[in-house]
Amino acid sequence: MAAMSVFKAYDIRGLVPEQLDAALARRIGRAAARFLGGGPLAVGRDARPHSPELGEALVAGILQQGGAVLDLGLVSTPMLYYAVEALGARGGVMLTASHNPAQYNGFKICREHAIPVGGDSGLREIEALCAQFAAEPGAADAADAPPALTPAPAAAPAPGERRAVDVREGYLRHLRAAGGECPEARVAIDCGNGMAAVGLEPLLAELPLQVERLYFEPDGSFPNHPADPLKTENLRDLCAAVQQSGALFGVAFDGDADRAIFVDERGEPVPCDLMTALLARSQLRRAPGGTVLYDLRSSRATPEAIEAAGGVAKMCRVGHSFVKAEMRSSGAIFAGELSGHFYFRFGASLIADDGLAAFVALLDLLAQCARPLSELIAPLRRYAASGEISVAVDGPGRAGGMRALLETIAAECQDAREISWMDGLLVRYDDWWFNLRPSNTEPLLRLNVEAQSAAQMQRERDRLLARMRAATAG
């Protein structure tokens, strides 16, 4: 089994059981407990068929290493983040493969205050510890099962102890921090058989909404469509439900509910960079003059709208670990990415991406504006964007080849107003810009182009794509 291939830039993820099995899950539990040190770890899981077995192995590894476990059961990733903060845990491990197909599973690891553990912030060390444990003489990967859960009292569990904790009520109060108002309206919601409904149902019970429910039942086989709303084909049922029911808007969540994609009242998907601009208005009402981060692939309309709302717009790198670190260092109140991750500052020490919080924030904004979503978004659609286009890069030496291509293209753009290497290559002219960046998780080059007109965008997009394909062919 090629175990180490499951360690990615931001998390641990792989095919079950070919790449990820109970033995490796146990070693990951041991390694996480060793790396994160003393104090209990919160553990949650999604509804994939293999999550119970992998979860038991993970818990067994944590306990074997002398750690304590606060077992959250079936939760979303944002609920785990909340639990780490609210329970004062040393860190947390979420068993999920997010939007990936059912045959995948994985682990998202965070330290105290839900600070992510990624490739450059501890995941490489955890990978090395897993290799060390696997090489131990007589390694006991299949040792006794962990103890059964007992209800958690107020006191923290002792080392080697496992306790069950229900965080749904506290998470409900936590969500309301993202927005306090709600219109009396009909909305359509597609949970994609992922984990969103666990935290969403208690919230909906308190709101004056009529809800068109799509695929609320957690089912890790994803019988209706993949839990990846960034792909437009997975939004078809939601768009149809919005149109047929006359909903105010629609929202779809990914498998672990840390992302949200919105659809306006006409059944048209709203680009996430424009949603960042819109949701920033809601958050800036609560914290006037605050800093809002937007990822460097975002439309020019996004920083323009943030500044028009009285905020300070600041560009940042792609990736949740980078965004969260920048929010902490800059004091930003909110951030958004093109991928549908929306980041909120929940009090002084917790920053988290949360699809349900984005839903609450939009409800708050629409209650105050009393205007349809399409009307609010329309002024932001003033530039022509390509959307993100991926080109495969195969063969040995691909990393060096990608860098050489970026440097060659940069050398041809010396007349540009700005050239940045913040994340890949970002080139800005007065009337158009592009970003070309290697994927952090796959052998892909990703291109985004935006221009004043559709004709100009298409011309520059096609020229860059031709260069990329010629350089990566063969």
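Residues numbered from 1 in each chain as written. Predicted model: local features only at pLDDT ≥ 70, side-chain atom pairs only at ≥ 80, totals over all residues. Heavy atoms only, no water.

> What's the story with the overall build of the protein chain in this structure? I'm lost.
Per the secondary structure count, the protein chain includes 14 helices and 22 strands. A globule of 474 residues ought to have a C-alpha radius of gyration of about 23 Å, and the protein chain, at 22 Å, matches this closely. The burial tally for the protein chain puts 57% of its 474 residues in the buried class. Long-range pairs, those at least 24 residues apart, make up 66% of the contacts in the protein chain between residues at least 6 apart in sequence. For the protein chain, the distance from the average position of its 47 positive side-chain charges to the average position of its 58 negative side-chain charges is 3 Å. (Helix = DSSP H or I, 4+ residues; strand = E, 2+ residues; numbered from the N terminus. Rg over C-alpha atoms; globule rule 2.2 N^0.38 Å. Buried < 20%, exposed > 50% of the residue type's maximum accessible area, 1.4 Å probe, protein only. Contact = heavy atoms within 4.5 Å. Lys, Arg positive; Asp, Glu negative; His and termini not counted. Charge placed at Lys NZ, Arg CZ, Asp CG, Glu CD.)

> So what exactly am I meant to see when it comes to the sheet that holds strand E13 (residues 312-316) here?
By definition, the strands of a sheet pair up through backbone hydrogen bonds, in either a parallel or an antiparallel sense. The five strands are arranged E13-E12-E14-E15-E16 in an open sheet whose pairing can be described as mixed. Two strands close off the open sheet at either side, each with one partner strand: E13 and strand E16 (350-353). When the angles between neighbouring strand axes are averaged without regard to direction, this sheet yields 20°. Examined bridge by bridge, strand E14 (residues 334-336) and strand E15 (residues 342-346) share three bridges and lie antiparallel to one another. Paired with Gly336 across the bridge in E15 is Phe342. Those strands touched by helix H11 (residues 355-369) are E15 and E16, and its axis lies near 85° from that of E15. (Pairing = 2+ DSSP bridges. Axes fitted to C-alpha atoms, helices over the stretch in contact; angles between N-to-C directions.)

> Before we go on, may I ask you to explain the environment of Cys239 in this structure?
Mapped onto the secondary structure, Cys239 falls in helix H7 (residues 236-245). Assessed through its relative accessible area of 12%, Cys239 is described here as buried. Separated by 219 residues in the primary sequence, Cys239 and Gln458 place their C-alpha atoms 27 Å from one another. In contact with Cys239, not counting residues within four places along its chain, are Val263, Gly267 and Pro269.

> Before we go on, may I ask you to explain helix H4 (residues 119-134) in this structure?
Side chains of residues three or four places apart in an α-helix project in the same direction, reflecting 3.6 residues per turn. Along H4, the residues classified as buried are Gly119, Gly122, Leu123, Ile126, Glu127, Leu129, Cys130 and Phe133. For H4, the angular spread of buried residues about the axis comes to 165°, placing them on one side. Elements that come into contact with the buried residues of H4 comprise strand E1 (12-15), helix H1 (22-36) and strand E5 (104-111). (Arc of directions from axis to C-beta.)

> What exactly am I supposed to notice about H1 here?
In a regular helix each residue adds 1.5 Å, so 15 residues correspond to 21 Å; H1 covers 21 Å between its end C-alpha atoms and thus fits that length. Most of H1 sits out of view: eleven of its 15 residues are buried. The complete set of buried residues in H1 reads Leu24, Ala25, Arg26, Arg27, Ile28, Gly29, Arg30, Ala31, Ala32, Ala33 and Leu36. On its buried side, H1 packs onto E1, strand E2 (41-45), helix H2 (51-64), strand E4 (91-95), E5 and H4. Its side-chain oxygen placed 3.3 Å from the backbone nitrogen of Ala23, Asp21 serves as the N-cap of H1. Taken from the residues just after H1, Gly37 is the one with a positive phi, measuring 80°. (Expected span 1.5 Å × (residues − 1). Polar contact = N/O pair within 3.5 Å; in protein donor to acceptor, adjacent residues only side chain to side chain.)

> Quick question: what am I supposed to make of the packing of helix H5 (residues 168-175) against helix H6 (residues 196-204) here?
For the pair H5 and H6, the least separation of the axes is 9 Å and the interaxial angle reads 70°. Considered as vectors, H5 and H6 are oriented roughly perpendicular to each other. When you trace H5 past H6, the crossing you get is right-handed. Across the interface between the two elements, Arg168, Tyr171, Leu172 and Leu175 from H5 touch Val198, Gly199, Pro202 and Leu203 from H6. (Parallel < 35°, antiparallel > 145°, perpendicular 65-115°, else oblique. Left-handed = near helix turned anticlockwise from the far one by under 90°.)

> Would you mind going over the layout of surface pockets with me for this structure?
It is the rolling of a water-molecule-sized probe over the atoms that shows where space remains empty. Looking at the second largest pocket, its volume works out to about 310 Å³. Around the second largest pocket sit 17 residues that line it, and Gly118, Gly119, Asp120, Ser321 and Phe322 are the ones nearest its centre. Contributions of two or more residues to the lining of the second largest pocket are made by H4 and helix H10 (320-330). Counting residues per element, the lining of the second largest pocket draws most heavily on H10, which supplies five residues. Across the lining of the second largest pocket, the residue classes tally to six nonpolar, five polar and six charged. (1 Å grid on protein atoms, 1.4 Å probe; cavity = no way out; pocket = protein on both sides within 12 Å on 5 of 7 lines; lining within 4 Å. Points joined across faces, edges and corners; volume = space filled by probe spheres on them. Nonpolar A, V, L, I, M, F, W, Y, C, P; charged D, E, K, R; others polar.)

> Honestly, the nonpolar core in this entry has me stumped. Any pointers?
As a rule of thumb, nonpolar side chains are buried together in soluble globular proteins. Core analysis: the biggest nonpolar cluster contains 94 residues, and Ile189, Leu200, Phe249, Phe253, Met275 and Phe359 have the highest contact counts within it. Among the elements that make up this core, the one with the highest residue count is H11 (eleven residues). One finds Ala32, Val69, Ile126 and Phe133 within the second-largest nonpolar core, a separate group that totals 31 residues. (Core = buried A, V, L, I, M, F, W, Y, C linked by side-chain atoms within 4.5 Å.)

> Please clarify how unusual backbone geometry should be interpreted in this entry.
Most of the time, phi is negative for any residue but glycine, and the peptide bond is trans. Residue Pro17 is reached from Val16 by a cis peptide bond, and omega for that bond is 5°. Phi at His113 is positive, roughly 60°, even though this residue is not glycine. Position of His113 relative to the elements: it lies in the loop between E5 and H4. Of note in this structure, Ala370 is not a glycine but carries a positive phi near 55°. Positionally, Ala370 belongs in the loop between H11 and helix H12 (373-377). Judged by its relative accessible area of 66%, Ala370 is exposed.

> Can you help me understand the state of the cysteines in this one?
Here a disulfide denotes one covalent bond, and it connects the sulfur atoms of two cysteines. With the rule as written, the count across this model stands at zero disulfides. No disulfide involves Cys191; its nearest neighbouring cysteine sulfur is the one of Cys239, lying 16 Å away. (Disulfide = S-S within 2.5 Å.)

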